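# Structure assessment
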Amino acid sequence: MIVIKTPRQLEQMRVSGGIAARVREAVAACVRPGVTTAELGDYAAELIGKEGARSAFLGYHGYPGQICVSVNEEVVHGIPGKRRIEMGDIVSLDVGVLYDGFIGDTATTVMVGVVEPETIRLVQVTEACLAAGLAKLVSGRRLSDCSHAIEQEARAGGFTVVRKFVGHGVGRQMHEDPQVPNFGRPGRGPKLRAGMTLAIEPMLNAGRHDVRVLNDGWTAVTRDGSRSAHFEHTVAVTDDGCEILTKV
Ligand code: MF3
Ligand code: CO
Ligand code: CO
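I will try to describe carefully the structure that is included in this document. (Residues numbered from 1 in each chain as written. Chains lettered and ligands numbered in written order. Predicted model: local features only at pLDDT ≥ 70, side-chain atom pairs only at ≥ 80, totals over all residues. Heavy atoms only, no water.)

## Some words on the coordination of the cobalt ion (ligand 3)
As a reminder of what qualifies: Each metal site is built from N, O and S donor atoms within 2.8 Å (3.2 Å for Na, K and Ca), and since water is not included, such sites may look incomplete. Here a site with four donors is tetrahedral if all angles are between 85 and 135 degrees, and a site with four or six donors is square planar or octahedral if opposite donors are over 155 degrees apart and the other angles are between 65 and 115; anything else gets the irregular label.
Around the cobalt ion (ligand 3), the protein supplies Asp105 (OD), His168 (NE2), Glu201 (OE) and Glu232 (OE) as donor atoms, at distances of 2.0 to 2.2 Å. Here the cobalt ion (ligand 3) binds six donor atoms, and the angle range of 52 to 173 degrees at the metal identifies the geometry as irregular. For the cobalt ion (ligand 3), the single-chain donor residues occur in sequence as D-x62-H-x32-E-x30-E. Between the cobalt ion (ligand 3) and the cobalt ion (ligand 2) the interatomic distance comes to 3.2 Å, and Asp105 is a ligand of both metals.

Laid out in structure tokens, this is it:
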């Protein structure tokens, strides 16, 4: 069941989305060589607290971190820990907050200093995939138009799309209906309606699409060790497009 949000609920989601976006940007600004992923997680926890919000991730199915920090070959769900950021790395930060009963879920991928040209392209194409997907979110169209646009953009860039994880509806719950794959044929799935709120989140790999989960039970990595990038916005479908709720 897809939950349509009322104007008042959309206003609440604008607030949680804004908080998530500010935390995302503030933590992104701290990513540099020598910093550990635990330090990034601790800083995020402090900022989320100062906003009067709570992490939507901590304790979710037992997840032990406040945010997800995924470096290089780590695709998503990296647990903040001892890993030290190095020059040339790419670092995905995924922030989810709960405020006033609603969730904002957003991610970005930060490049650290001088990065290989092919890695820069991976990050840029992934961000372009997110934009291409959002451009298809208009009331009256079908959801898989968004999925298809993301896949097309990724293929054109020569990268693969992760199939094991998908975007999703978001609201009072972090993962609501519908699922939003980052691939698929157009013209399928539910019809988009104003007031639907979705987390659109392309994950692209430089090599093959396959992923596996490490022994920590969470960290998803590329099977072939290639690098992976991830961008995510929480958006609301409107009559003439979509509104990004996780913008600063
Ligand atoms: N924020 C992730 C997503 O985009 C989910 C994180 S799961 C958690 O869907 F357990 F790490 F919280
Ligand atoms: Co997320
Ligand atoms: Co999400």
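This is not the end of the story, as more comes after the structure.
## Structural notes on the pattern of salt bridges
Side-chain pairing between opposite charges can occur once the charged atoms of the two side chains come close. Where we set the bar: A side-chain nitrogen of Lys or Arg and a carboxyl oxygen of Asp or Glu constitute a salt bridge if their distance falls within 4 Å. Each residue's exposure class comes from its accessible area (1.4 Å probe, protein chains only) as a fraction of the maximum for that residue type: buried when under 20%, exposed when over 50%, partly exposed otherwise.
Applying the stated criterion across every chain, the model contains twelve salt bridges. The partner of Arg83 in a salt bridge is Glu74, with the nearest N and O atoms 2.9 Å apart. A residue is classified by how much of its surface remains accessible, and Arg83, at 29% relative accessible area, is partly exposed. According to the relative accessible area criterion, Glu74 is buried, its value standing at 11%. One salt-bridge network, held together by shared partners, links Glu11, Arg14 and Glu243.

## Considering the sheet that holds strand β7 (residues 167-169)
Strands in a sheet are paired, the pairing made by backbone hydrogen bonds, and the direction either parallel or antiparallel. To be explicit about the condition: Whether two strands pair depends on DSSP finding at least two bridges between them. Here a strand is any run of E in DSSP of at least two residues, a helix any run of H or I of at least four, and the numbering for each starts at the N terminus. Convention adopted: a line fitted to C-alpha atoms gives each axis, helices being fitted over their contacting stretch, and angles between N-to-C directions are expressed from 0 to 180 degrees. The criterion used for residue contact is that any of the two residues' heavy atoms lie within 4.5 Å.
Within the open sheet, the five strands sit side by side as β8-β7-β9-β14-β15. Their pairing is antiparallel. The open sheet has two edge strands with one neighbour each: β8 (176-180) and β15 (241-244). Strand after strand, the sheet turns through a mean of 30 degrees between neighbouring axes, direction not considered. Strand direction decides the pairing type here: strand β9 (residues 197-200) and strand β14 (residues 233-238), joined by four bridges, are antiparallel. Across the sheet, the residue bridging to Leu198 is Val235, located in β14. Most of the contacts of helix α1 (residues 7-28) go to β14, to which it runs at about 150 degrees, and overall it touches β9, β14 and β15.

## Description of the coordination of the cobalt ion (ligand 2)
In this structure, Asp94 (OD), Asp94 (OD), Asp105 (OD) and Glu232 (OE) serve as the protein donors to the cobalt ion (ligand 2), at separations of 2.1 to 2.4 Å. One can describe the donor arrangement at the cobalt ion (ligand 2) as irregular, given that its six donor atoms subtend angles of 57 to 165 degrees at the metal. Counting residues between consecutive donors of the cobalt ion (ligand 2) along the chain gives the motif D-x10-D-x126-E.

## Side note on helix α3 (residues 117-134)
Worth spelling out the cut-off: Expected span of a helix: the number of residues minus one, times 1.5 Å.
The first and last C-alpha atoms of α3 sit 26 Å apart over 18 residues, in line with the 26 Å expected at 1.5 Å per residue. Buried within α3 we find Thr119, Leu122, Val123, Val125, Thr126, Cys129, Leu130, Ala132, Gly133 and Leu134.

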